[in-house]
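Summary of structural features
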Amino acid sequence: MRDAVIVEAVRTPVGKRNGALSRHHAADLSAHVLNALVERTGLDPVLVDDVIWGCGIAVGMQSGGIGRAAVLAAGWPESVPGVTVERQCGSSQQAVHQAAAGVIAGQYDIAVAGGVEIMSAVPARAALGDGSYGDPFGPTVLARYGGVPFHQGVGAQMIADEYGLSRTDLDQHALDSHARAAQAIDEGRFTNQVVPVEVVDEDGTNRLFDTDEGVRRGSTLDKLGALKPAFGDEGTITAGNASQISDGSAALLVTTSEIAARHGWRPLARVHTAVVAGTDPVTMLKGPIPATRKALDRAGLTIDDIGAFEINEAFAPVSLAWLRETGASYERMNPNGGAMALGHPIGGSGARLMTTLVHHMVDQDIRYGLQSMCEGGGMANATILERL
C-alpha cells in the first residue's frame, strides 16, 4: 500500500503587517519557497504532478489561481500545474491533506503543498469587497442561526466566556507564546526551516530578512492589560491575545516512501492521519476539539501518545479551550510559540505550522505530532504526523 511522506518542509520568516514582506507579490514569495525545495532536495520540477496551494483571501494579486502563478513565477516548466485551495485559515493544511491523499491514491507520485498570504496588501476584509454582492453565507444560513452575521472575534469572546477564561488567562497565554518564540529564535530552532528572503526597506536599503518579525520581547501582564477590548467594553479579547496580521509562505514536498528512496531522499515524517471536522459556526473556532478527537480515534492513538502539538493561536481562547477539553500538556502545545507571536498569514499558516512541527519532531526525536487549526464557518483540519 502506498503511503505519503514529507521529504522537506520550508517557510519564509513571517513578516508583520506593513513589515519586511509587505511589498512582495504573493506569487513571487510563493516561488521563493518552491525553489527552496528544489535547492534542498535536488528535485527536478518537471517531476511534480501538482502544486496544491492554500490562500485564504483569493482576491487582487492573490486571485486568478495563485497556485499556478507561483509555479510560473518560480520558473518551473509550464507542464507543472497548480491549484488554489481555500479552506479559510486551514487552506494550506488542507493542501497537504489533498497532496497526501493524491499520492496515496496513485493520482500523484510527487506533489508540493503549501500556501501564501500577504495580508498587508490583501487584508481579510478584501474578500467581502464593497458588500454589494451580499453576505457570503446568504439569508438562509443566517436565518438558521438567528439572523446575526458570523464574526470570528465575537466567537472567540463567546468561547472565553463559556470556558470562564479570564483576561489574565488570555494575556498570560500570549506572553508565553512570545517567550517561547523568542527562545526558539535565540536557540536557532528555526534555522533549518526558514528560507531567508531578500527585501528592500522603505529607504531603499537591501537586506536579508531571516527572522520572524512579530515576536515581542519584554512585554508584561501590565502592558497587555492596558490594551482595550476589541469586542465589547467588557470583553477580554484584545490585539495582544489574538493572532497577528501577517505575511508569509511555506511549502512541503510530498511523495511515497518508495519514490523518496528512489531519489535518495530521506523523509522527515509520514502523514499518518488526516481529517477535517465541522462545528457550530457561531462560536466558529472550536473545531480543533472535535477534529483532534476524530484524528486520534482514526489513528488508534491517545492524547498521551502525541509528543508535540501545533494548535493555531487564532485567539488565545481557542487553544486554551482545546487544551482544557483534550487534557493535553501545555508544555507540548506550541513549544516554539504560536500565531500570537509568530503571526498568522492565513493561507500560509497551515503549512507554516506543519513545517515548524515536523522540524521540531526531527530535532527532538518525537514519534507523533498533531496539528489542528480552527477555520471560518466552524471547521478544523487535524493532522497526525509520524516521525520516520
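Rules and cut-offs
Residues numbered from 1 in each chain as written. Predicted model: local features only at pLDDT ≥ 70, side-chain atom pairs only at ≥ 80, totals over all residues. Heavy atoms only, no water. 1 Å grid on protein atoms, 1.4 Å probe; cavity = no way out; pocket = protein on both sides within 12 Å on 5 of 7 lines; lining within 4 Å. Points joined across faces, edges and corners; volume = space filled by probe spheres on them. Nonpolar A, V, L, I, M, F, W, Y, C, P; charged D, E, K, R; others polar. Buried < 20%, exposed > 50% of the residue type's maximum accessible area, 1.4 Å probe, protein only. Helix = DSSP H or I, 4+ residues; strand = E, 2+ residues; numbered from the N terminus. Pairing = 2+ DSSP bridges. Axes fitted to C-alpha atoms, helices over the stretch in contact; angles between N-to-C directions. Parallel < 35°, antiparallel > 145°, perpendicular 65-115°, else oblique. Contact = heavy atoms within 4.5 Å. Phe/Tyr/Trp six-rings, centres within 6.5 Å; stacked < 30°, edge-to-face > 60°. Lys NZ or Arg CZ within 6 Å of the ring centre and 35° of its normal. Expected span 1.5 Å × (residues − 1). Polar contact = N/O pair within 3.5 Å; in protein donor to acceptor, adjacent residues only side chain to side chain. Salt bridge = Lys/Arg side-chain N within 4 Å of Asp/Glu carboxyl O. Disulfide = S-S within 2.5 Å. Right-handed = clockwise from strand over helix to strand, strands pointing away.

Another point: empty space enclosed by the protein. Under the defined criterion, the tally for this structure stands at one cavity of 30 Å³ or more. There is about 40 Å³ of room inside the largest cavity. For the largest cavity, the full set of lining residues is Arg189, Gln193, Asn336, Thr356, His359, His360, Asp363 and Gln364. Here the lining of the largest cavity is built from residues that sort into no nonpolar, six polar and two charged.

With that out of the way, let us pick up the pairing of strand β12 (residues 379-387). By the criterion of burial, β12 is predominantly enclosed, with seven of the nine residues buried. As paired elements, strand β9 (residues 269-278) and β12 share nine bridges and run antiparallel to each other. Within the sheet, the bridge partner assigned to Ala269 lies in β12 and is Arg387.

Right, let's talk about the packing of helix α6 (residues 167-186) against helix α10 (residues 316-326) for a bit. Contact pair α6 / α10: the axes reach a minimum separation of 9 Å and the direction vectors enclose 95°. Classed by the angle they form, the pair α6 and α10 counts as roughly perpendicular. Contact residues: α6 offers Asp169, Leu170 and His173, while α10 offers Ala316, Pro317, Ser319 and Leu320. When grouped by side-chain class, the residues that make up the contact of α6 with α10 number four nonpolar, two polar and one charged.

Using the criterion set out here, one finds three aromatic pairs in the structure. Ring geometry for Phe137 against Phe150: centres 4.7 Å apart, planes inclined by 80°, an arrangement best described as edge-to-face. With a gap of 13 residues between them, Phe137 in the loop between β5 (110-118) and α4 (138-144) and Phe150 in the loop between α4 and α5 (152-162) connect regions that are remote in the sequence. Relative to Phe150, the ring of Tyr145 lies with its centre 5.6 Å away and its plane at 70°, an arrangement referred to as edge-to-face. Through a chain of ring-to-ring contacts, three or more aromatic side chains come together here, namely Phe137, Tyr145 and Phe150. Stacked on the ring of Tyr330, the Lys or Arg Arg180 has its end atom at 4.7 Å from the ring centre.

We now examine the environment of Lys223. Relative to the assigned elements, Lys223 resides in helix α7 (residues 221-225). Spatially, the C-alpha atom of Lys223 lies 49 Å from that of Asp3, the residues being 220 residues apart in sequence.

Moving on, we come to helix α12 (residues 346-364). Relative to the 27 Å expected for 19 residues at 1.5 Å per residue, α12 spans 27 Å between its end C-alpha atoms, a close match to the ideal helical length. Among the 19 residues in α12, 16 count as buried, and that is most of the element. Asp365 sits one or two positions beyond α12 and adopts a positive phi of about 55°.

Once that is clear, we can look at unusual backbone geometry. Phi at Asn18 takes a positive value of approximately 60°, unusual for a residue other than glycine. Of note, Asn18 is situated in the loop between β2 (15-16) and α1 (26-41). The class for Asn18 is exposed, based on a relative accessible area of 54%.

Next up on the list: the side chain of Glu313. Here Glu313 is to be found in the loop between β10 (308-311) and α10. In terms of polar contacts, Glu313 uses its side chain to reach the side chain of Asn334, at 3.0 Å. In contact with Glu313, other than residues within four places in its own chain, are His173, Ser177, Ala242, Ser243, Ser319, Asn334, Gly338, Ala339, Met340 and Ala341.

Considering all chains together, one arrives at twelve salt bridges under this definition. Lys286 is paired through a salt bridge with Glu162; the nearest N and O atoms lie 3.0 Å apart. Taken together, the positions of Lys286 in the loop between β9 and α9 (288-299) and Glu162 in helix α5 put the pair 124 residues apart, joining distant regions of the chain. Judged by relative accessible area, which is 46%, Glu162 ranks as partly exposed. One salt bridge in this structure joins Arg367 and Glu386, with 3.0 Å as the shortest N-O distance.

Attention now moves to the state of the cysteines. On inspection of all chains with the given rule, the structure shows zero disulfides. Counting only cysteine sulfurs, Cys89 is the nearest neighbor of Cys55, a cysteine outside any disulfide, at a range of 12 Å.

Tracing the sequence through the fold places Gly225 in helix α7. Separated by 114 residues in the primary sequence, Gly225 and Ala111 place their C-alpha atoms 46 Å from one another. In contact with Gly225, not counting residues within four places along its chain, are Arg167 and Asp171.

Of the pairings in the sheet, the one linking strand β3 (residues 50-54) to strand β4 (residues 82-85) comprises four bridges and is parallel in character. Bridge pairing links Trp53 to Thr84 in β4. Handedness of the β-α-β unit built from β3, helix α2 (residues 66-73) and β4 comes out right-handed.

What follows deals with helix α3 (residues 91-105). For α3, which comprises 15 residues, the first-to-last C-alpha distance of 21 Å matches the rise-based estimate of 21 Å (1.5 Å per residue) to within 8%. Along α3, eleven of the 15 residues are buried, which leaves the element largely enclosed by surrounding structure. In the segment just after α3, Gly106 is the residue with positive phi, at about 90°.

Interpretation note: all reported values are geometric properties and have no functional meaning in isolation.
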